[in-house]
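Chain by chain, the residues:
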Amino acid sequence: MSIKAAIYHLTHYKYDRPVYLQPQVIRLQPAPHSKTKVLSHSLRVSPSEHFVNLQQDPYGNYLTRFVFPEPVTELKIEVDLVADMTVYNPFDFFVEESGETWPFDYPDDLRDDLSIYRKAEPAGPLLQQFLDGIDRSPKNTVIFVSELNASIQRHVDYIVRLETGVWTPEETLGNAKGSCRDSSWLLVNVLRHLGFAARFVSGYLIQLKPDLVSLDGPAGTDHDFTDLHAWCEVYLPGAGWVGLDPTSGLLTGESHVPLAATPHYRNAAPISGFASYAEVDFAFDMKVTRVAEHPRITKPFSDESWQRLNALGKKVDAVLAQNDVRLTMGGEPTFVSIDDFEADEWNAGAVGPTKRKLADQLIRRLRERFAPNGMLHHGQGKWYPGETLPRWTFSLYWRLDGKPVWSDPALIAQEGVETGATQNDARRFLEAFARNLGITGETIAEAYEDPGEWLLKEANLPANVDPANSELADPEARSRIAKVFERGLTTPTGYVLPVQRWNAIASSSWLTETWKTRRGKLFLAPGDSPAGYRLPLSSLKHLKSTDFPHVVPLDPGAPRAPLPDPQAPRTRLAADPRAQATTGFTAATVQQDVTEQVLSEIEGQVRTAVTAELRDGRLCVFLPRSRSSRIFSNWWPLPKPPRKRSANRFTSKATARRTIRASTTFASRPIRASSRSISTRLPAGTNASPPPKRSMKKPVSAASAPTSS
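My aim in this report is to walk through the structure given alongside it, one point at a time. On a predicted model such as this, the values are computed, not experimentally measured, just so you know.

### What about the side chain of H12?
Turning to step 1, where the next piece is worked out: Residue placement: H12 occurs in strand β1 (residues 3-19).
Turning to step 2, where the next piece is worked out: A polar contact of 2.6 Å, which involves the side chain of H12, links it to the side chain of E74.

### Some words on the sheet that holds strand β2 (residues 24-26)
Turning to step 1, where the next piece is worked out: Pairing within the open sheet is antiparallel, and its 4 strands lie in the order β4-β5-β2-β16. Only two strands of the sheet have a single partner each, and these edge strands are β4 (51-56) and β16 (271-272).

### So, the pairing of strand β5 (residues 62-67)
One face of the sheet, then the other: side chains in a regular strand alternate in exactly this way.
Turning to step 1, where the next piece is worked out: The pairing of β2 with β5 spans 3 bridges and is classified as antiparallel. Each bridged residue has a counterpart across the sheet, and for I26 the counterpart in β5 is T64.
Turning to step 2, where the next piece is worked out: Where β4 lies against β5, 6 bridges are found, and the strand directions are antiparallel. Bridge pairing in β5 places N53 opposite R65.
Turning to step 3, where the next piece is worked out: Connecting β4 to the next strand, β5, in antiparallel fashion are 5 residues, including G60 with a positive phi near 90°.

### A few points about the pattern of salt bridges
Turning to step 1, where the next piece is worked out: Scanning the entire structure with this criterion turns up 26 salt bridges.
Turning to step 2, where the next piece is worked out: Taking the shortest distance from any N to any O, the salt bridge between D324 and R326 comes out at 3.4 Å.
Turning to step 3, where the next piece is worked out: On the basis of relative accessible area, R326 is assigned to the partly exposed category, the value being 42%.
Turning to step 4, where the next piece is worked out: Notably, a salt bridge pairs R519 with D450, separated by 3.1 Å at the nearest N-O pair. Here the residue R519 occupies a position in the loop between β23 (510-515) and β24 (522-524), and D450 occupies one in the loop between β20 (445-449) and α9 (451-459), the gap between them amounting to 69 residues.
Turning to step 5, where the next piece is worked out: Where salt bridges share partners, they join D105, D108, R111 and R118 into one cluster.

### Remarks on the pairing of β20
Turning to step 1, where the next piece is worked out: Summarising burial for β20: 4 of the 5 residues are buried, a large majority.
Turning to step 2, where the next piece is worked out: Strand direction decides the pairing type here: β20 and strand β21 (residues 494-498), joined by 3 bridges, are antiparallel. Note that in β21 the partner of A445 across the bridge is V496.

### Here's the deal with the packing of aromatic side chains
Turning to step 1, where the next piece is worked out: Using the criterion set out here, one finds 18 aromatic pairs in the structure.
Turning to step 2, where the next piece is worked out: Grouped by ring-pair contacts, the aromatic residues W102, F104, Y106, Y117, F144, F196, Y235 and W241 constitute a single cluster.
Turning to step 3, where the next piece is worked out: For the cation-ring pair, R161 lies above W167, with the distance from its terminal atom to the ring centre recorded as 4.4 Å.
Turning to step 4, where the next piece is worked out: R369 extends its terminal NZ or CZ atom over the ring of F370, reaching a point 5.1 Å from the ring centre.

### Thoughts on the side chain of D450
Turning to step 1, where the next piece is worked out: Judged by its relative accessible area of 9%, D450 is buried.
Turning to step 2, where the next piece is worked out: Within the structure, the side chain of D450 is placed 3.1 Å from the side chain of R519, a separation counted as a polar contact.

### Here we look at the packing of helix α3 (residues 141-155) against helix α5 (residues 180-193)
Turning to step 1, where the next piece is worked out: Two elements in contact, α3 and α5, have axes whose closest approach is 10 Å; the angle formed by their N-to-C orientations is 140°. Judged by the angle between their axes, α3 and α5 are oblique. Handedness of the α3/α5 crossing: right-handed. Seen from α3, the contacting residues are V145, L148, N149 and I152; seen from α5, they are S183, L186, L187, V190 and L191.
Turning to step 2, where the next piece is worked out: The residue makeup of the contact of α3 with α5, split by class, is 7 nonpolar, 2 polar and no charged.

### Topic: the sheet that holds strand β13 (residues 240-245)
Turning to step 1, where the next piece is worked out: An order of β14-β13-β12-β11-β15 is seen for the 5 strands of this open sheet, with the pairing classed as antiparallel. Of all the strands in the sheet, just β14 (250-251) and β15 (256-262) have a single pairing partner and so form its edges.
Turning to step 2, where the next piece is worked out: The pairing of strand β11 (residues 197-207) with strand β12 (residues 225-236) spans 11 bridges and is classified as antiparallel. By the bridge assignment, I206 is partnered in β12 with T226.
Turning to step 3, where the next piece is worked out: Against the sheet, α5 touches β11, β12 and β13, its axis set at about 0° to β12.

### A word on the nonpolar core
Turning to step 1, where the next piece is worked out: I134, L148, V190, L191, L194 and F196 are the most contacted members of the largest nonpolar core, which totals 41 residues.
Turning to step 2, where the next piece is worked out: No other element matches α5, which puts 7 residues into this core.
Turning to step 3, where the next piece is worked out: If sequence neighbours within four positions are ignored, L191 has contacts with V145, L148, F196, A198, C232, V234 and L244.
Turning to step 4, where the next piece is worked out: In this structure, V19, L28, L75 and I77 belong to the second largest nonpolar core, which totals 26 residues.

About the thresholds
- Residues numbered from 1 in each chain as written.
- Predicted model: local features only at pLDDT ≥ 70, side-chain atom pairs only at ≥ 80, totals over all residues.
- Heavy atoms only, no water.
- Helix = DSSP H or I, 4+ residues; strand = E, 2+ residues; numbered from the N terminus.
- Polar contact = N/O pair within 3.5 Å; in protein donor to acceptor, adjacent residues only side chain to side chain.
- Pairing = 2+ DSSP bridges.
- Salt bridge = Lys/Arg side-chain N within 4 Å of Asp/Glu carboxyl O.
- Buried < 20%, exposed > 50% of the residue type's maximum accessible area, 1.4 Å probe, protein only.
- Phe/Tyr/Trp six-rings, centres within 6.5 Å; stacked < 30°, edge-to-face > 60°.
- Lys NZ or Arg CZ within 6 Å of the ring centre and 35° of its normal.
- Axes fitted to C-alpha atoms, helices over the stretch in contact; angles between N-to-C directions.
- Parallel < 35°, antiparallel > 145°, perpendicular 65-115°, else oblique.
- Left-handed = near helix turned anticlockwise from the far one by under 90°.
- Contact = heavy atoms within 4.5 Å.
- Nonpolar A, V, L, I, M, F, W, Y, C, P; charged D, E, K, R; others polar.
- Core = buried A, V, L, I, M, F, W, Y, C linked by side-chain atoms within 4.5 Å.

Keep in mind these numbers describe shape, not what the thing actually does.
Here's what the structure looks like:
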């Protein structure tokens, strides 16, 4: 959205007697090469008794020639135009390879055409001294002309000079000051002496008051204004004419509206012509008005507009509620760092050194502001085409009734903070977790990286390259292999607790079983994503298609009872007598890279699991999916004071004393939203985990936490 600025320009000559006017040439129509879009333009000249010829000069500029056959007592010229002040990047151009480095010469087919723009005035002592001080060593052309433009701005102080004419370069350098036309003509001659093609430009300068005062640069004007202005343009192969404003030392932008661009300033005057002798009363006026201005980040809606918007929004909400329309997805605002917003991680890069840490700080501040009793979740985000890994997402979930979902945010480890967790804590965590569900912890199994897969990868490396060697081309592969060998193939990656809900609709019991494979241990699929994504489910007991544990998702439109009261007394779940089954291996030999957990409703066929592992110095937990969020209501920490933590929380008493902090996540297909819960998601950088085979639904409680917390 842009600002539309209207200019009114008046030039008025009043004579004390009738005078004869020679043909008057007026150059007040924006030039064809103007990058600032002109939406409308009008030129009015009085007296009305005149002849008009619309022309273009040899350089392509528009001019209007007026002939007055009778004597006149005044000459009044009025210009109205509306400009679209959409901001554009003045460096949005490419330079041909032949002209990327100065000094260079123009191609043969352009040299003759540009010759008139390369003819410099003879250099006097001061100009020659200035030219001698310029470094002639090869340099990037764009940088060179930008620095030269800034150098003129530093050498020549700007003044308003009302007398006619343009100073010579010697006069401007001698006075060390000058008007915009003086410094522009100086820059034109300096560029020509250095071999560039350059031209003089006259036009309008539109300066609008900025919405915010700059933190690290010039404050800018304190009011809107416009005036006639002059600057310079240099011709660069491939880029064409590039505007340089020596008054500011910057490249020209949307504020510069060119009227005429010529080899010499004489042919760029806005108005030229003669009149017979008379005393003249001269009047001049210029004003700019914002005729259209849309709300934007730096100047949002007014309070009155917000009141009207809120009133309209309430009407829309009423219609939606009346027709039982339920919103399931919200917007995704974009945040960047104010300290280093030009860094790659805040522009094109998916990840960076500070993005996760700042995102974690932001989501915690949002929790304090919107949902003090909400649950923080660090999990997997979107996977965009062409990217090797999915993004990560930090989420916040809360209840509309204000009752707590999570009471202690300190149990979710902060990004970049070492928690002191060890690999042994992962197993003790799952043991306490199993007791909380009323099932045995004897089915907890160690999960290892597959030695055959990784030894083969190491064997295929060049003889002089080890897994941590920087010569390994793919940085992701290098990091992945190095982490595995640093940990060791005989050290468990994590721990697995097979668990699923028994008859999820009618029962509150949980099942577990011992997973057995032909190889005797659980070997994860190759990768660096969480163990919950890489379980060897295809190596477990083969199931007939009629016995396969399919899941029927809960209808999002089905009536739902209120969520359980977290303050209500809770009891430890009793162990199900059927919950100690075992499962065997199959003859399958091919493992999938991405393994989706499935929910079983048949005794002895558990295909989902909770996993716990140490990642980046923090304990990470991967939870199984379910058809509804209600069944997990007893899993969240109870709203008790910190000194009264017990094993009914996620951690055992021993773990709580060591302040081990874990993030909670669901596997594969996240649970569906309850009608009494809302989620806010902040997409960010890349996450090192593959996506599930089935499409991700909209989670409200948790998803996967591949790299946090």
